[in-house]
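Residues per chain are reported as follows:
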Amino acid sequence: MITTKNQAIQFLTTMQHLYPFVHPEDDLTLIDPPFTDEQVKYLNNCFNQCYEILPDPCGTILDEIRPKMQMFNPKN
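Residues numbered from 1 in each chain as written. Predicted model: local features only at pLDDT ≥ 70, side-chain atom pairs only at ≥ 80, totals over all residues. Heavy atoms only, no water.

Draft legend 1. Here's a closer look at helix α3 (residues 57–65). Within α3, the full set of buried residues consists of P57, C58, G59, T60, I61 and I65. Looking at the buried residues of α3, the elements they touch are α1 (5–18) and α2 (37–53). (Buried < 20%, exposed > 50% of the residue type's maximum accessible area, 1.4 Å probe, protein only. Helix = DSSP H or I, 4+ residues; strand = E, 2+ residues; numbered from the N terminus. Contact = heavy atoms within 4.5 Å.)

Draft legend 2. Expanded view of the nonpolar core. By size, the foremost hydrophobic cluster in this structure holds 19 residues, and its most contacted members are F11, L12, L28, L43 and F47. Taken together, the elements giving at least two residues each to this core come down to α1, α2 and α3. Setting aside anything within four residues of it in sequence, one finds L28 in contact with V22, F35, V40, L43, N44 and F47. (Core = buried A, V, L, I, M, F, W, Y, C linked by side-chain atoms within 4.5 Å.)

Draft legend 3. Structural context of unusual backbone geometry. In this model, D32 is joined to P33 through a cis peptide bond whose omega is 5°. Tracing the backbone shows P33 in the loop between α1 and α2.

Draft legend 4. Examining α1 more closely. With 14 residues, α1 should reach 20 Å at 1.5 Å per residue; the first-to-last C-alpha distance of 20 Å fits that figure. Buried within α1 we find A8, I9, F11, L12, T13, M15 and Q16. Along its buried surface, α1 packs onto α2 and α3. (Expected span 1.5 Å × (residues − 1).)

Draft legend 5. Layout of the packing of aromatic side chains. Scanning the entire structure with this criterion turns up 3 aromatic pairs. On the numbers, 5.3 Å between centres and 70° between planes, the contact of F11 with F47 is edge-to-face. Of this pair, F11 sits in helix α1 while F47 sits in helix α2, and the two are 36 residues apart along the sequence. When its relative accessible area of 3% is taken as the criterion, F47 is described as buried. (Phe/Tyr/Trp six-rings, centres within 6.5 Å; stacked < 30°, edge-to-face > 60°.)

Take a look at the structure:
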């Protein structure tokens, strides 16, 4: 269960490393390769928990997480 801002950022960071083009607003049933129904349920629950804690999880990804990731900033 995600209950703190730190946990929400950690979850979003992990998702960016594992699935860099999956965002909290995506329909996870349309991702290729597909997630299982259980994975979709779990991930949607986690993303919903992030929305309860962070005002804008997508903004957090773009403004806080991706600037620190090598794959999005190869010159760093």
